[in-house]
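Residue-level structural notes
This is what each chain is made of:
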Amino acid sequence: MVMGVMDIEEGASFPAKTTFQVVMCSIIAAVGGLMFGYDIGISGGVTSMDTFLIKFFHHVYEKKHRVHENNYCKFDDQLLQLFTSSLYLAGIFASLAASYLSRRFGRKPIIMSASAFFLFGAILNFFAQELGMLIGGRILLGCGIGFGNQTVPVFISEIAPARIRGRLNLTFQFLITIGILAASYVNFLTSMMKDGWRYSLGGAAVPALILLIGSFFIHETPASLIERGKDEEGKRVLRKIRGLVDIELEFNEIKRATEISNKVKSPFKELFTNRENRPPLVCGTLLQFFQQFTGINVVMFYAPVLFQTMGSGNNASLISTVVTNGVNAVATIIAVVMVDRLGRKFFLIEGATQMTATQISIGALLLKHLHLLGPITSHSVPLIVLILICIYVSGFAWSWGPLGWLVPSEIYPLEVRNAGYFCAVAMNMVCTFVIGQFFLSALCRFRSALFFFFAVMNVIMGLFVIFFLPETKGVPIEDMAEQRWKKHWHWRKYFKQN
C-alpha cells in the first residue's frame, strides 16, 4: 500500500506518483549533504579560533597577532591548510572504492558506511590531543564524505520520477547549505567556550548519527537491485516508490539498461574507450571542476579568516560568516523550487554572470583598501564586502552549487554510471583539496588578484554551459542519450547515427 501520495506525474516517459516513500528516501539519503556541509562550514571557523591555534598551530597564532604581519599572509601555513584539505584527499580514494562497492553491493550499504566513517572521524577529532589524531580524524571524515558524495546523488536520481528528479536531488545541496549554516552558528557559540573547537569538531557526529539511523529505513534503488539480478525485489520496490501496480514499462527499460550494464566487465575501461560516453564524461567532470573554481570554497572554508584579514574581530568575522551562510541556505530553496521549471542551463548561466560581477567588485575593493600592513581604515568597506559576498553566495547557491551535483548524477548510462560519477566526484575532491591546501598561500602571494582569477573562471564556465551543455530537465535518465546527446550540435558526432 502506498502512503501519502501527493500528486500524479504527467509528461514524463514513465507513469509515476510522487509517493511518501520516494520523498522520505530522498531526504534521508540527502542527510549525507548535511554531513558534507557541516564539515565545510566548521573548518574555517575552527582554524580562526585562538584556542585551536595555540594547541596545534602555535606559530600561526603568534603570526596572526603580530602588528606588522602582512595582512594577506597571516594564515599562510601548509600544516594548517592540511587540516582542511586532508579530508578531501582521503575522499578521492574513498569515492573510487565506493564506485566499485556500490555496484557490487548496492547504494544503501555504502550510504550506511559513509555515516559510520563520519561518526568515527568526529569522535577522534573531539578527543584529539595532538596533530596526528586531528589529521587521522579528518581522514576518516574524508572516507565518509567520499562514500556519501559518490552514492547519495546517484541514489536519489535512480529512485526519483523524472519530472521531479531535479527537485529531489537538490535536497542534497540544500542540506549541504543547512550543514554549513549550522556549523557557522556552532562555531560562533563555541568560540566563547574553553576548548570550544572540540565541540565544533565533535558536532559532526550529529548528522552522522541521523544518517546512520535513517539509512535503516530507506529502500535500495530498483536499478541497483535489478542490476544485481534481484528482479522481483526490484519490481516490488518500484511499485512501492512509484505508487502504481503497472510498472512494466519502466521495469523493462531498467532491465534493458542493466543487461547492457552487466555485459560491461570493466566500467572504467568502457567509460574511457567508448566514444559515446565522451559527452557525459567531459560535461560531468568539467561541471565539478568549474564548481570548485567559482571560488566558493574560498568563502566557505576561509570566510572567518578572510573577514579577520580585513580587520574584523574574531566574533565579528564569525557573525559575518553566519549571515553569509544563512543567505546560502535561503537561496538554495529557490533552486529546489524552480529547477524543474526553468531548467538547469538558465540557473547555471545566470549564476556564472552574478558571481563574475561580485568577484570583480570584491577584488577591486581589496585592491584599493586592503594594504599589506594595518587594517582597513574605512568602516564601510568590510560591510560592503559582506554584502557582495552574500550576493555572490546567493548566485552560487541557486546555480553551480546544487547543479554541479545534480547534472552529473543524471547524464550517465547505467553501465558506466558509478564510474562516470566517480570521475565527477574525484574532480570535486581534487579541486577542493588544491584550493583548501593552497588558497591561503595563494592569497599571500597574489593578494586581491586571486578574486579576478576566479572572475575569469566564471566567464569561461558560463560560456561552456551556453555552447556545450544540453538541457536535462524532465528527461528520464535512461533516455538521456537519445533525447539530448544525439541531438546536440557538437556531441552528436560521438554517436552512431541510425
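Keep in mind it's a predicted model, so treat the numbers as computed, not measured.

**Describing the pattern of salt bridges**
Enumeration over the complete set of coordinates arrives at 15 salt bridges. Across the pair Arg417 and Glu158 runs a salt bridge, and its minimum N-O distance is 3.0 Å. Highlighted residues: Arg417 in helix α20 (residues 417-446) and Glu158 in helix α6 (residues 131-159), separated in sequence by 259 residues. The exposure class of Arg417 is buried, given its relative accessible area of 2%. Look at Glu158 and you get buried, because its relative accessible area is 8%. Residues participating in the shared-partner salt-bridge network are Arg165, Arg167, Asp340, Arg344 and Glu410.

**With respect to the packing of aromatic side chains**
Evaluated as defined, the whole model comprises 24 aromatic pairs. Ring centres of Phe293 and Phe453 lie 6.3 Å apart, and the angle between their planes is 85°; on these two criteria the pair is classed as edge-to-face. Remark: Phe453 occurs in helix α21 (residues 449-468) and Phe293 occurs in the loop between α14 (278-292) and α15 (296-309); sequence separation between them is 160 residues. A connected cluster of aromatic rings, assembled from ring pairs, spans Phe289, Phe290, Phe293, Trp400, Phe453, Phe454, Phe464, Phe468, Trp485, Trp489, Trp491 and Tyr494. Between Lys55 and the ring centre of Phe56, over which it is positioned, the NZ or CZ distance is 5.9 Å. One Lys or Arg, Lys235, reaches over the ring of Phe251 and ends 4.7 Å from the middle of that ring.

**Quick word on the nonpolar core**
Counting residues in each nonpolar core, the largest one holds 75 residues, and the members touching the most others are Phe52, Phe57, Phe155 and Ile156. Of the residues forming this core, the biggest block, 14 residues, is contributed by helix α1 (residues 20-47). Each residue touching Phe52, except ones within four places of it in the same chain, is listed here: Val46, Thr47, Phe57, Leu80, Phe83, Leu134 and Trp197. Leu287, Phe293, Ala352 and Leu403 belong to the second-largest nonpolar core, a separate cluster that totals 56 residues.

**Looking at the environment of Ala455**
Locating Ala455 in the fold gives a position in helix α21. On a C-alpha basis, the gap between Ala455 and Gly295 in space is 8.4 Å, while along the polypeptide they are 160 residues apart. Apart from the residues within four sequence positions on either side, Ala455 is in contact with Thr356, Gln359 and Ile360.

**Description of the confidence of the model for the protein**
On average, residues of the protein score 84 in pLDDT, and 87% of them reach the 70 mark or higher. Every residue in residues 1-12 is under pLDDT 50, and counting partners more than four places away or in other chains gives 29 contacts.

**A few points about the packing of α6 against helix α7 (residues 165-190)**
Each pair of packed helices gets described by two things: the angle between the helix axes and the distance between those axes. Closest axis-to-axis distance for the α6/α7 pair is 9 Å, and the angle between their directions is 155°. Accordingly, the angle class assigned to the pair α6 and α7 is roughly antiparallel. Crossing geometry of α6 relative to α7 is assigned as right-handed. Residues Asn149, Val152, Pro153, Ile156 and Ser157 of α6 lie in contact with α7, whose contacting residues are Arg165, Leu168, Asn169, Thr171 and Phe172.

**Concerning helix α18 (residues 380-397)**
Here α18 spans 26 Å end to end across 18 residues, near enough to the 26 Å set by a 1.5 Å rise per residue. When you tally the buried positions in α18, you get 13 out of 18 residues, the bulk of the element.

**Remarks on unusual backbone geometry**
Located in the positive-phi region is Asp195, a residue other than glycine, with phi close to 55°. When you line up the elements, Asp195 lands in the loop between α7 and α8 (196-202).

**Here we look at a nonpolar patch on the surface**
Together, Val459, Leu463, Ile466, Phe467 and Trp489 give the surface a local cluster of nonpolar side chains, amounting to about 490 Å² of exposed area. Topologically, Leu463 is positioned in helix α21. Owing to a relative accessible area of 43%, Leu463 belongs among the partly exposed residues under this scheme.

**A short note on the packing of α14 against helix α19 (residues 400-410)**
Interaxial distance between α14 and α19 falls to 9 Å at its minimum, and their mutual angle equals 160°. Taken together, the axes of α14 and α19 lie roughly antiparallel to each other. The two elements α14 and α19 meet at a crossing, and its hand is left-handed. Judged by residue contacts, Gly284, Leu287, Gln288, Phe290 and Gln291 of α14 engage Trp400, Gly401, Gly404, Trp405, Val407 and Pro408 from α19. For the contact of α14 with α19, a count of residues per class yields 6 nonpolar, 5 polar and no charged.

**Topic: helix α12 (residues 248-263)**
Compared with an ideal rise of 1.5 Å per residue, which puts 16 residues at 22 Å, α12 spans 22 Å between its outermost C-alpha atoms and is within 8% of the ideal. Within α12, burial applies to Glu250, Phe251, Glu253, Ile254, Ala257, Thr258 and Ser261. Buried residues of α12 fall within an arc of 160° about the axis and therefore sit on the same side. Among the exposed residues of α12, those pointing more than 90 degrees away from its buried face are Leu249 and Lys263. Contacts made by the buried residues of α12 are with α4 (78-105), α10 (222-227) and α11 (231-242).

**Quick word on the side chain of Gln354**
The topology assignment puts Gln354 in helix α17 (residues 344-369). Once you skip the residues sitting within four places of it in the chain, Gln354 turns out to touch Ile391, Ser394, Gly395 and Trp398.

**Some thoughts on the side chain of Arg103**
Considering the arrangement of structural elements, one finds Arg103 in helix α4. A distance of 3.4 Å separates a polar side-chain atom of Arg103 from the backbone oxygen of Val264. If near-sequence neighbours (up to four positions away) are discounted, Arg103 is found in contact with Glu227, Arg228, Ser261, Asn262, Val264, Pro267, Glu415 and Asn418.

Cut-offs applied
- Residues numbered from 1 in each chain as written.
- Predicted model: local features only at pLDDT ≥ 70, side-chain atom pairs only at ≥ 80, totals over all residues.
- Heavy atoms only, no water.
- Salt bridge = Lys/Arg side-chain N within 4 Å of Asp/Glu carboxyl O.
- Helix = DSSP H or I, 4+ residues; strand = E, 2+ residues; numbered from the N terminus.
- Buried < 20%, exposed > 50% of the residue type's maximum accessible area, 1.4 Å probe, protein only.
- Phe/Tyr/Trp six-rings, centres within 6.5 Å; stacked < 30°, edge-to-face > 60°.
- Lys NZ or Arg CZ within 6 Å of the ring centre and 35° of its normal.
- Core = buried A, V, L, I, M, F, W, Y, C linked by side-chain atoms within 4.5 Å.
- Contact = heavy atoms within 4.5 Å.
- pLDDT = per-residue confidence, 0-100.
- Axes fitted to C-alpha atoms, helices over the stretch in contact; angles between N-to-C directions.
- Parallel < 35°, antiparallel > 145°, perpendicular 65-115°, else oblique.
- Left-handed = near helix turned anticlockwise from the far one by under 90°.
- Expected span 1.5 Å × (residues − 1).
- Patch = residues over 30% accessible without salt bridge, like charges linked within 9 Å, V, L, I, M, F, W, Y side chains within 5 Å.
- Areas by Shrake-Rupley, 256 points an atom, 1.4 Å probe, with all protein chains shown as cover.
- Nonpolar A, V, L, I, M, F, W, Y, C, P; charged D, E, K, R; others polar.
- Arc of directions from axis to C-beta.
- Polar contact = N/O pair within 3.5 Å; in protein donor to acceptor, adjacent residues only side chain to side chain.

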